[in-house]
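The primary structure of each chain is shown beneath.
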Amino acid sequence: FGRRPWVFIRGVPALKFLPPEGPPEIAFAGRSNVGKSSLINALVGMNGLARTSNTPGRTQELNYFVPEGYSGAEDDLPPMALVDMPGYGYAKAPKDQVDQWTKLVFDYLRGRSTLKRVYLLIDSRHGIKKNDEGVMDLLDKAAMSYQVVLTKTDKIKQAGVPRLMSDTVALLKRRPAAYPEIIATSSEKSTGIDDLREAIALAITQ
Ligand code: GTP
Ligand code: MG
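Here goes a summary of the coordinates provided. (Residues numbered from 1 in each chain as written. Chains lettered and ligands numbered in written order. Predicted model: local features only at pLDDT ≥ 70, side-chain atom pairs only at ≥ 80, totals over all residues.)

**Focus: the overall build of the protein chain**
In terms of helices and strands, the protein chain carries 5 helices and 7 strands. Each helix and strand of the protein chain, ordered N terminal to C terminal, gives the series β-β-α-β-β-α-β-α-β-α-β-α. Computed over C-alpha atoms, the radius of gyration of the protein chain comes to 16 Å, within 12% of the 17 Å expected from 2.2 N^0.38 for 206 residues, which places it in the range of a compact globule. Judged by the C-alpha coordinates and their principal axes, the protein chain covers about 50 × 40 × 35 Å. When the 206 residues of the protein chain are sorted by exposure, 36% land in the buried category. The contacts in the protein chain between residues at least 6 apart in sequence include a share of 76% that link residues at least 24 apart. (Helix = DSSP H or I, 4+ residues; strand = E, 2+ residues; numbered from the N terminus. Rg over C-alpha atoms; globule rule 2.2 N^0.38 Å. Buried ≥ 20, exposed ≤ 12 C-beta atoms within 10 Å, placed from the backbone. Contact = placed C-beta atoms within 7 Å.)

**Observations concerning the nonpolar core**
Ranked by size, the top nonpolar core spans 43 residues in total, and within it Phe28, Ile40, Leu120 and Leu121 carry the most contacts. Elements with a minimum of two residues in this core: strand E2 (25–30), helix H1 (36–44), strand E3 (62–67), strand E4 (81–84), helix H2 (95–111), strand E5 (115–123), helix H3 (130–141) and strand E6 (146–151). Broken down by element, the residue count for this core peaks at 6 residues, all from E5. Residues within four places of Leu121 in sequence aside, it is in contact with Phe28, Ala29, Gly30, Val34, Gly35, Lys36, Leu39, Val149 and Thr151. (Core = buried A, V, L, I, M, F, W, Y, C linked by C-beta atoms within 7 Å.)

**Side note on the environment of Thr153**
The residue Thr153 is located in the loop between E6 and helix H4 (161–171) in this model. Under the C-beta neighbour-count criterion, Thr153 is labelled buried, with 23 such atoms within 10 Å. Between the C-alpha atom of Thr153 and that of Glu188, which follows or precedes it by 35 residues, the distance is 9.1 Å. Apart from residues lying up to four places away in sequence, Thr153 is in contact with Ser124, Val161, Ala184, Thr185, Ser186 and Thr191.

**Focus: the sheet that holds E2**
One open sheet accounts for 7 strands, arranged E1-E3-E4-E2-E5-E6-E7; its pairing is mixed. For this open sheet the edge positions go to strand E1 (6–12) and strand E7 (183–184), each flanked by a neighbour on one side alone. Pairing of E3 with E4, which is carried by 3 bridges, proceeds in the antiparallel orientation. Residue pairing across strands places Asn63 opposite Asp84, the latter belonging to E4. (Pairing = 2+ DSSP bridges.)

**Re the pairing of E6**
Counting buried positions along E6 yields 6 of 6 residues, so the element is predominantly enclosed. Going residue by residue along E6, you find Tyr146, Val148 and Leu150 tucked away on one face and Gln147, Val149 and Thr151 tucked away on the opposite face as well. With 6 bridges connecting them, E5 and E6 associate as parallel partners. Directly across from Leu120, in E6, lies its bridge partner Val148.

In structure tokens form, the structure reads like this:
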């Protein structure tokens, strides 16, 4: 992840506002409040980069982050871009907002050739929910490689983490696009962040 600071480059409310395909992209998806923006901040080591909040539904667009100092010209592309996706499963979200989310995300997943992997974040206190399964269906249907990341493991009993991990891996068995290993993290305690960095570094070369 280098030593350069990262910057926000663009919020994308609809596909036509996507930046031209350039560097390899890694996207972060998950229910509202699962900790996507916090995880991005932990990865790049910058507290205030992606806006985090206790109010679910904070991130409404596909937010693009890249390391600073690249022009974006064909011969001066950043090594990767991180994409913070709007959360789903927000109880108060109106139906047309949900439909809009599904369309934006599905079109993005299906059509973006530079998207190398989606990290699907699951709150370790709640496990995989119905709407997470719906998103896995989308990912499998789009044949988009994804890997599950458990978040907020500082909030559960540490002795329960291995069991939670093996239970979660078992749920992914019959999912063709799911990566067979998962990563347990806490952005708060910086647990698992190096493992995730390594996995991402590998994913962008694939
Ligand atoms: P949306 O943008 O609404 O979809 O949410 P998000 O998935 O980006 O979640 P965000 O990173 O904003 O975090 C939501 C809340 O969870 C914030 O209050 C964070 O401080 C808290 N949080 C995130 N990660 C952790 C963690 O590892 N441990 C603990 N204890 N709290 C966390
Ligand atoms: Mg967010």
